[in-house]
Structures are given as structure tokens and as C-alpha cells.
Amino acid sequence: MLLIVFGGHATELGKDGGRNLSLHRTLRADDHVNQRHTKRSTFWWEGQQVRPWRRRSRDSDDALAFVGLPIEIHVLIFDHVEFIEDTICFGLANQYLWTLALSHVHNYYASLLGAWAGQSIVCVGGDIKPDNYPLPGLFSAEYIDELRPPRTNLHRKDDGVEIVYCGQPFTLSHLAEASVSETQDNVFLEGKGRRIYNRCVARCKTKDPAFSKARLWEIVRTESTYYPRDQPWILRNLTTKEFVRSEVVTIRPEYVRGPDITLLGFGEVVMARTCWSSTPWDVRINNTAGPPRGVWAGHRFDITTLANHESEADSAG
């Protein structure tokens, strides 16, 4: 998959839609999602001891009732619930189910983060020549052959006026068009979590004590839950095996808050080093060396903690 950045918007090749997003948020690999584990003897789940429902005897008429099923079966039931609102409402039936539901809530939010980690990225200019691609092997020869014949209309805005260039040969810049690729919005976890919470509350005909203020903050998550600010973070170029520390990027040390860096951060580094254009006027920098040819254009990236990086390096030997 190729990810195209154009005009402050980012697009994912090969899907339909229309959304934009902030670059650095999409590269953060979530290394803090707890892995599911159970122990039959103690019934530990996601780091918490679970008190199962009282088991029924096999001679009882309700031996196969839902409450008597093993914890593994309850977990499988949660795994097959499609919508997060259903997971939350099902879990709020009692504390035991809520303990199981919390891991699914956690994993749901985690799945929204780091969508671009490990994907190839190009910050493309608006005047790319045909067959001008940054990285050998970025596209297969068969795919390039598919791109060559089409002619398409190219839409651009200049001082608020939309200009349509008709019958243009298909180029790399066309991949940033919403008609070709999917554009993605920023994902703000707290706002999304509040909307999920409100949809759950709206299902109740009367005020339900299960949706207490304390429960609200179990359902609504923030990025700090997944991206701790008390640890050093790095930007990794997975293609070249290079990495950049936050203290090298930032203008001032106090601007660093975990993976978020005020003014100049990891996202700006990726943008600057993945620019690819055919003319020097596409990028607003003082470039006297000709068209931008980012040395990282088409490379793969992620943002992770230094501790996780060192742990991976140790594991690799």
C-alpha cells in the first residue's frame, strides 16, 4: 500500500472516500496493547483477577445456562460482537462481563491508531511528470503499465478558484485525488469515545446507573492512554533502519510531550524528507538545487518508544 500526502491531506491508495488527517498521529505504533491471557486456575484477564459467576452442578436443569459457561466461551462471544456499542452495553450487565468487555474497548481504540505505521509514504507535488516515481520497486511493472494509458481531469484550486485540467496523463499526483484514493480524517479518541458513550446512553429509556461518571472515563479514552508522555519516543525509518530521537527534532526540550512535539516534530521530518515533485515551486522552501527529491520518499515509517525499539533490537540479537 502507498500513502500519498498532498496539500496537507493524506490519502491511501486504492479506496474510495474523503477524509484528511495529521501525519504524525498515523505513524505511532501502539506497543502498549495488553495481550490477552487467561489462567484457568485464577481466571486472570488483562492483568485483573476475574470473579466468574457461580458454577451450576451438572445435575441442575440450568447446567448449560449462559452464566455457567467457561470464561473462554464468554470471551469468544465477545469476540463475535460486531459493534463496539454492543460490546459496551453487553459488558455493563455486571462487573464480571465488564472486566471482559474492557479489553475489547481497549483494543478497539488501539485499532484506530498507527494506521500508517509500516506503510510507504510520499509527499507528492502538484506537477509530477508521467513515469516519475521516487523509489525503484515502489510499484510493480504491471501496475505502472496500468497507470500509463488513462487520461483524467485534474482538479486544482488557486486562490479559491477551482481549475480543471482536462485530459491529463495519469501521474503520481493523481493518486492524491479523492476519486482515486481514500483520504483519512484525524482520529481524536476522546471525541470519538464521547460519541460512542452517548450512543450507548441513548439506548436507555430511563437513566441507567451503569453509565455513571466513573464509567464514562472507562469508555472514553484519550491518546495518553496509549502514548505515554513520560517515555522518550523515536521516529523509525523501517526501510533504511534509521531512527530520529525527539530531542534532536524539537526546538526546545519543553516542547516534547511523548510522541507529540510542538511546532516542529516527527510529522514535519517525514514531510520534508519524503517530498517528491517535478518543479521546485511545489514546496514552500528555499530550494536552489532543483525539484525536491526526498531521500526518504516511498519509505516505510513508524513512531515508537525508545524502550520498545531497544527491546526489539535485543530480541533480534
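Above: the structure in question.
Since the model is a prediction, treat every value here as computed from it, not as a measurement.

Structural notes on the overall build of the protein
Broken down by element type, the protein carries 9 helices and 14 strands. Among the 317 residues that make up the protein, the fraction classed as buried is 41%. Put simply, 66% of the contacts in the protein that link residues at least 6 apart link residues at least 24 apart. Here the protein has roughly 17800 Å² of accessible surface; of this, 51% comes from carbon and sulfur atoms.

Quick look at the side chain of His 299
Take His 299: it is sitting in strand 14 (residues 299–305). Separated by 3.1 Å, the side chains of His 299 and Asn 237 make a polar contact. Beyond its immediate stretch of four places on either side in the chain, His 299 contacts Gln 119, Ser 120, Ile 121, Leu 135, Asn 237, Thr 239 and Thr 240.

Digging into the pairing of strand 14
The buried fraction of strand 14 is high, at 6 of 7 residues. The pairing of strand 5 (residues 120–124) with strand 14 spans 2 bridges and is antiparallel. By the bridge assignment for strand 14, Ile 121 is matched with His 299. In terms of strand pairing, strand 9 (residues 233–237) meets strand 14 through 5 bridges, oriented antiparallel. From the neighbouring strand, Leu 235 faces strand 14, where its bridge partner is Ile 303.

Description of helix 1 (residues 71–79)
Listing the buried residues of helix 1 in full gives Ile 71, His 74, Val 75 and Phe 78. The arc enclosing the buried residues of helix 1, seen along the axis, measures out at 100°, which places them on a common side.

Let's talk about a nonpolar patch on the surface
A contiguous nonpolar patch, built from Ile 251, Leu 263 and Leu 264 and spanning about 300 Å² of accessible area, is present on the exposed surface. Its location among the elements puts Leu 264 in the loop between strand 12 (260–261) and helix 8 (266–273). For Leu 264, a relative accessible area of 34% puts it in the partly exposed group.

Some remarks on the packing of helix 2 (residues 84–91) against helix 3 (residues 95–111)
At a closest axis distance of 8 Å, the pairing of helix 2 and helix 3 adopts a crossing angle of 160°. Of the possible angle classes, the one that applies to helix 2 and helix 3 is roughly antiparallel. Of the two elements, helix 2 crosses helix 3, and the hand of that crossing is left-handed. Only Leu 97, Trp 98, Ala 101, His 104, Val 105 and Tyr 108 of helix 3 make contact with helix 2, whose side of the interface consists of Ile 84, Thr 87, Ile 88, Phe 90 and Gly 91.

Considerations on the pattern of salt bridges
Applying the stated criterion to the full structure yields 7 salt bridges. The salt bridge partner of Glu 218 is Arg 215, with a shortest N-O separation of 3.0 Å. Pair noted here: Glu 218 and Arg 215 are both in helix 6 (residues 213–219), with a separation of 3 residues, about one helical turn. Taking the relative accessible area as the measure of exposure, Glu 218 reaches 25% and is therefore partly exposed.

Overview of the pairing of strand 10 (residues 242–245)
Relative to strand 10, strand 9 runs antiparallel, the two sharing 4 bridges. Paired with Arg 236 across the bridge in strand 10 is Phe 243. Linking two consecutive strands that pair antiparallel, namely strand 9 and strand 10, is a turn of 4 residues; a positive phi of about 60° is found at Lys 241 within it.

Observations concerning the side chain of Thr 87
Topologically, Thr 87 is positioned in helix 2. Residue contacts for Thr 87: discarding those within four places in its chain leaves Phe 78, Val 81, Ala 101 and His 104.

Rules of the game
Residues numbered from 1 in each chain as written. Predicted model: local features only at pLDDT ≥ 70, side-chain atom pairs only at ≥ 80, totals over all residues. Heavy atoms only, no water. Helix = DSSP H or I, 4+ residues; strand = E, 2+ residues; numbered from the N terminus. Buried < 20%, exposed > 50% of the residue type's maximum accessible area, 1.4 Å probe, protein only. Contact = heavy atoms within 4.5 Å. Areas by Shrake-Rupley, 256 points an atom, 1.4 Å probe, with all protein chains shown as cover. Polar contact = N/O pair within 3.5 Å; in protein donor to acceptor, adjacent residues only side chain to side chain. Pairing = 2+ DSSP bridges. Arc of directions from axis to C-beta. Patch = residues over 30% accessible without salt bridge, like charges linked within 9 Å, V, L, I, M, F, W, Y side chains within 5 Å. Salt bridge = Lys/Arg side-chain N within 4 Å of Asp/Glu carboxyl O. Axes fitted to C-alpha atoms, helices over the stretch in contact; angles between N-to-C directions. Parallel < 35°, antiparallel > 145°, perpendicular 65-115°, else oblique. Left-handed = near helix turned anticlockwise from the far one by under 90°.

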